Amino acid sequence: MTSGYKVKICGTTNVEDAEITAREGADFFGVVVEVDFSPRSLTIEAAKPLFSSPPLPPVALVYNMASTRVETLIQQLNPFAVQFLSLAEPSFVTYLKKTYPGVEVWQSIHLPQAGEAVDVENFQKTVQTSVTAGIDSLLLDTAAMSEGKMKFGGTGVTSDWDIVKELMDSIRGAVPIWLAGGINPDNVGEAIDRINPDGIDLCSGVEATRGKKDAAKLRSLMTTIRGKQLK
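Residues numbered from 1 in each chain as written. Predicted model: local features only at pLDDT ≥ 70, side-chain atom pairs only at ≥ 80, totals over all residues. Heavy atoms only, no water.

K.L.:
Help me out: how do you make sense of helix α6 (residues 161-171) in this one?
P.N.:
Three or four residues apart is the spacing at which side chains of an α-helix point the same way, because the helix has 3.6 residues per turn. Taken together, the buried positions of α6 are occupied by Trp-161, Ile-163, Val-164, Leu-167, Met-168 and Ile-171. The buried side chains of α6 occupy one side of the element, clustering within an arc of 155 degrees when seen end-on. For α6, the N-terminal cap is Asp-160; the gap from its side-chain oxygen to the backbone nitrogen of Asp-162 is 2.9 Å. Downstream of α6 by one or two residues, Gly-173 has phi in the positive range, about 95 degrees. (Buried < 20%, exposed > 50% of the residue type's maximum accessible area, 1.4 Å probe, protein only. Helix = DSSP H or I, 4+ residues; strand = E, 2+ residues; numbered from the N terminus. Arc of directions from axis to C-beta. Polar contact = N/O pair within 3.5 Å; in protein donor to acceptor, adjacent residues only side chain to side chain.)

The structure is reproduced here in structure tokens:
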């Protein structure tokens, strides 16, 4: 595992890719569960092999999942964390933290892709609400149209990193803050230099084909990140 910048490789669809992710030195792997807009989504049942004896702490990603179904997911998969792609109700975050103290709650906040207008003040309020609710980690990602659908993550599209940095700087130290959205081996070094996040989260940037990881891309990514940690 890395010791400085944490790394989560998301959109994992099979055990082999989870093992490759662990071997190349990432800290977490993510599994998209019952998210209709994601081509990498698995049912709870199909995801079980990835969670039964994981080589790294697994994170289950959900979007607009009913609260009772989230509890079923936790009970059946026992993830290290549940990551909400949609905004989790603060009261539900509090409930999960109390009822399942061994499971972390992560929240994604999706900015528009670079070049589109952003209401920074509104995003700051959203971020603060999530932090106050008790989330364990915050992930700043990109929402973008892809194949005729609005997708929240997994698009390979970056947001405006200057705005991302502004948001991060406003709450640094409150919770770990991750950068996601369009990260790949070629731009991860620049992302770290410009934003200095606590963690890097990516999916399509290290794929050979959709839903299948590329070991060489993973190795290149981790080599760059390790180089930044040594400075």
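K.L.:
Would you explain the side chain of Lys-228 in this entry?
P.N.:
Relative to the assigned elements, Lys-228 resides in helix α8 (residues 215-229). Its relative accessible area of 15% is what places Lys-228 among the buried residues. Of note is the side chain of Lys-228, whose polar atom sits 2.8 Å from the side chain of Asp-193. Apart from the residues within four sequence positions on either side, Lys-228 is in contact with Tyr-5, Gly-189, Ile-192 and Asp-193. (Contact = heavy atoms within 4.5 Å.)

K.L.:
Just checking my understanding: could you explain α8 for this structure?
P.N.:
Under the 1.5 Å per step criterion, the end-to-end length of α8 is 21 Å for 15 residues, consistent within 8% with the ideal 21 Å. Within the sequence span of α8, burial applies to Leu-218, Leu-221, Met-222, Ile-225 and Lys-228. Buried residues in α8, looked at end-on, bunch into an arc of 115 degrees, giving them a common side. Packing partners of the buried residues in α8 comprise β1 (6-9), α1 (15-23), α7 (188-195), β9 (199-202) and β11 (212-213). With a side-chain oxygen lying 2.9 Å from the backbone nitrogen of Ala-216, the N-terminal cap of α8 falls on Asp-214. (Expected span 1.5 Å × (residues − 1).)

K.L.:
When you look at the packing of helix α3 (residues 67-77) against helix α4 (residues 90-99) in this model, what are you seeing that I'm missing?
P.N.:
Relative placement of two packed helices is described by the angle separating their axes and the distance separating the axes. Running from N to C, α3 and α4 cross one another at 25 degrees; their axes reach a closest spacing of 12 Å. By the angle class used here, α3 and α4 are roughly parallel. Crossing angle aside, the handedness with which α3 passes α4 is right-handed. For the pair formed by α3 and α4, the contact residues are Ser-67, Val-70, Glu-71 and Ile-74 on the first element and Phe-92, Tyr-95, Leu-96 and Thr-99 on the second. (Axes fitted to C-alpha atoms, helices over the stretch in contact; angles between N-to-C directions. Parallel < 35°, antiparallel > 145°, perpendicular 65-115°, else oblique. Left-handed = near helix turned anticlockwise from the far one by under 90°.)

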